[in-house]
Amino acid sequence: MPDFQYTARERTGQQVQGLLVAASEREALASLAAKNLFPLKVEIAASSKAEERQLGRRVPNRALAVFYSQLADLLRSGVPLLRSLELLSRQSTHPALKVVVQDVRDQVADGTRLYDAMRQHPKAFSELMISMVRAGEEGGFLEDVLKRIADFTEHQEELKGRVIGAMVYPIFLLSIGGLVVAALMVWFVPRFEPIFDNMKQRGELPWTTSTLLLLSHLAQSYWFITLVIAAAAVFGLRSWLQTPQGRLKLDEFRLRALGLGPIVRSLSIARFCRVLGTLLRNGVPVLNSLKIAKDATGNQVLSIAIDKAAEHVSTGRSLARPLGASGHFPDEIVEMIAVGEEANNLENVLIDVSENLEKRTGRQIEMAVRLLEPVLLLLLASIVLFVVVALLLPILQASSVV
């Protein structure tokens, strides 16, 4: 809870100052009234303001993975939850995580469940993690769930790091190429325009050269308007994507995008299978597990399909059939889930499916990134070739006439 700095007057008329801990300004005023003090000024202390700024910051996933792992180890060693949170808060080297863990510890000390305390910090803890912690608390295997969350977070960060590392060169190539093309259009191409004036007046200028000159004029005269329109479009698109309909359309596009769709689908299904298998292995009922695991996909289209499958399961039917009917789950995965249900070994089958999918998806990502480099080179070469041809073609035509 935050500290409040106050200036108040006693019944004798003497003015006093001090600090008190309260959940809100109203509670601070009530506390002063209980002490027979008339408040003159009550405000959040500077230290608490700094903590509030830290609470608004995002916490890196790598720092969260360490937190989950350490908390699991402490609980497994028999250290009480409150004591564990206090130790981790003191030892944390990340300022935002330190403040978040301390606030979670204070809420748990006041009787709040751990998952409810974590839910107050959406920028630090995702809904999936909160749901898994809730299942662990209710099922009595919190330390196991925390360890699974730590492993899951580390795996996701490792995969993300590999993708970002592989994308550094293509992004650098695209940026430099874009600057080179912009320089050609703004400074190089206009120098050739006086040479083409006569051919332009006679209507003999090739369409490639006319198009290049038009683009050059736009780049020189309307670059500011172009930037404003582009910024407005990006802002509008981001605002729309934050709406439920926008997020759903974006998730549909991710699943259908050429080249990207199979990778996104495989990663989402792998996360779903891993989380569902982990929860089932720890004794969480299948319906509760499905409600938690559907958020692991990170894709609303797949979450809706899993929700519909959960309705079938609640009536006593199998899980594999509605998943296959949705059209979003590959036939081989549906078949493996069906076999796991028949053999009463679904949790182990799901874990195996997730591991196989993750390995296959890792190879697909590496191949896609390797193909991206020559594709970008080909694209930049095509643009430069278009500029060169557009500039040389009128000269060649004029020389052939002569």
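Overview of the structure. (Residues numbered from 1 in each chain as written. Predicted model: local features only at pLDDT ≥ 70, side-chain atom pairs only at ≥ 80, totals over all residues. Heavy atoms only, no water.)

**Considering the overall build of the protein chain**
Step number 1: The helix and strand tally for the protein chain stands at 18 helices and 3 strands.
Step number 2: For 402 residues, the compact-globule estimate of 2.2 N^0.38 gives 21 Å, and the protein chain exceeds it by more than 25% at 30 Å.
Step number 3: For the protein chain, the C-alpha atoms occupy an extent of roughly 105 × 75 × 35 Å along the three principal directions.
Step number 4: Among the 402 residues that make up the protein chain, the fraction classed as buried is 38%.
Step number 5: Sequence separation of at least 24 residues holds for 60% of the intrachain contacts in the protein chain that already meet a minimum separation of 6.
Step number 6: Split by element, the accessible area of the protein chain, about 23,200 Å² in all, is 59% carbon and sulfur.
Step number 7: When the 44 positive and 41 negative side-chain charges of the protein chain are each reduced to one mean point, those points stand 4 Å apart. (Helix = DSSP H or I, 4+ residues; strand = E, 2+ residues; numbered from the N terminus. Rg over C-alpha atoms; globule rule 2.2 N^0.38 Å. Buried < 20%, exposed > 50% of the residue type's maximum accessible area, 1.4 Å probe, protein only. Contact = heavy atoms within 4.5 Å. Areas by Shrake-Rupley, 256 points an atom, 1.4 Å probe, with all protein chains shown as cover. Lys, Arg positive; Asp, Glu negative; His and termini not counted. Charge placed at Lys NZ, Arg CZ, Asp CG, Glu CD.)

**Some remarks on the packing of aromatic side chains**
Step number 1: Under the defined criterion, the tally for this structure stands at 4 aromatic pairs.
Step number 2: With 6.3 Å between their ring centres and 45 degrees between their planes, Phe-67 and Phe-125 make a pair best called tilted. Here Phe-67, found in helix α3 (residues 61-76), pairs with Phe-125, found in the loop between α6 (114-119) and α7 (127-139); they are 58 residues apart in sequence, far enough to count as distant.
Step number 3: What makes Phe-125 buried here is its relative accessible area of 3%.
Step number 4: Here Tyr-68 and Phe-125 contribute two aromatic rings whose centre-to-centre distance is 6.4 Å and whose plane-to-plane angle is 50 degrees, an arrangement assigned as tilted. In this pair, Tyr-68 is assigned in helix α3 and Phe-125 in the loop between α6 and α7, connecting sequence segments 57 residues apart. (Phe/Tyr/Trp six-rings, centres within 6.5 Å; stacked < 30°, edge-to-face > 60°.)

**Notes on a nonpolar patch on the surface**
Step number 1: A cluster of nonpolar side chains, contributed by Leu-214, Leu-215, Leu-218, Tyr-222, Trp-223, Phe-224, Ile-225, Leu-227, Val-228 and Ile-229, occupies part of the molecular surface with about 1,000 Å² of accessible area.
Step number 2: Elements that contribute at least two residues to the nonpolar patch include exactly α10 (207-221) and α11 (223-241).
Step number 3: Among the elements that line the nonpolar patch, the one with the most residues is α11, at 6 residues.
Step number 4: By secondary structure assignment, the location of Phe-224 is in helix α11.
Step number 5: The class for Phe-224 is exposed, based on a relative accessible area of 54%. (Patch = residues over 30% accessible without salt bridge, like charges linked within 9 Å, V, L, I, M, F, W, Y side chains within 5 Å. Salt bridge = Lys/Arg side-chain N within 4 Å of Asp/Glu carboxyl O.)

**Some remarks on the pattern of salt bridges**
Step number 1: In the structure shown here, the tally under the stated rule is 11 salt bridges.
Step number 2: A salt bridge links Arg-254 to Asp-251; the nearest nitrogen and oxygen atoms lie 3.4 Å apart. Of this pair, Arg-254 and Asp-251 are both found in helix α12 (residues 244-256), 3 residues apart, which corresponds to roughly one turn of the helix.
Step number 3: Overall, the relative accessible area of 34% leaves Arg-254 in the partly exposed class.
Step number 4: Judged by relative accessible area, Asp-251 falls into the buried class, the value being 5%.
Step number 5: Linking Glu-332 and Arg-360 is a salt bridge whose minimum nitrogen-to-oxygen distance equals 3.8 Å.

**Things to note about α12**
In an α-helix there are 3.6 residues to a turn, and that puts residues three or four apart on one side.
Step number 1: Over its 13 residues, α12 extends 19 Å from the first C-alpha to the last, a length consistent with the 18 Å expected when each residue adds 1.5 Å.
Step number 2: Turning to α12, its buried residues number three or more, namely Gly-246, Asp-251 and Leu-255.
Step number 3: The inward-facing, buried residues of α12 contact α11, α13 (260-281) and α15 (300-314). (Expected span 1.5 Å × (residues − 1).)

**Observations concerning the nonpolar core**
Step number 1: Core analysis: the biggest nonpolar cluster contains 68 residues, and Phe-67, Tyr-68, Phe-125 and Leu-319 have the highest contact counts within it.
Step number 2: Here this core takes 9 residues from α13, the largest share from any one element.
Step number 3: Those residues in contact with Tyr-68 that sit more than four places away from it in its chain are Met-118, Phe-125, Met-129, Leu-146, Ile-149, Ala-150 and Thr-153.
Step number 4: The next biggest cluster of nonpolar side chains, apart from the first, holds 13 residues, and it includes Val-181, Met-185, Leu-205 and Leu-213. (Core = buried A, V, L, I, M, F, W, Y, C linked by side-chain atoms within 4.5 Å.)

**Points about the side chain of Lys-294**
Step number 1: You can see Lys-294 is positioned in the loop between α14 (286-293) and α15.
Step number 2: Residue classification places Lys-294 among the buried residues on the basis of a relative accessible area of 17%.
Step number 3: In this structure, Lys-294 is in contact with Phe-272, Ser-303, Ile-306 and Asp-307, ignoring residues within four places of it in sequence.

**Focus: the environment of Met-167**
Step number 1: Considering the arrangement of structural elements, one finds Met-167 in helix α8 (residues 142-188).
Step number 2: When its relative accessible area of 24% is taken as the criterion, Met-167 is described as partly exposed.
Step number 3: A sequence separation of 87 residues divides Met-167 from Pro-80, and the C-alpha atoms of the two residues are 44 Å apart.
Step number 4: Those residues within four positions of Met-167 in sequence are excluded, and the remaining contacts are Val-369 and Leu-372.

**Considering the side chain of Ser-92**
Step number 1: Considering the arrangement of structural elements, one finds Ser-92 in the loop between α4 (81-91) and α5 (95-109).
Step number 2: The exposure class of Ser-92 is buried, given its relative accessible area of 17%.
Step number 3: A polar contact is formed between the side chain of Ser-92 and the backbone oxygen of His-94, at a distance of 3.4 Å.
Step number 4: Residues contacting Ser-92, with those up to four places away along its chain left out, are Leu-97 and Lys-98. (Polar contact = N/O pair within 3.5 Å; in protein donor to acceptor, adjacent residues only side chain to side chain.)

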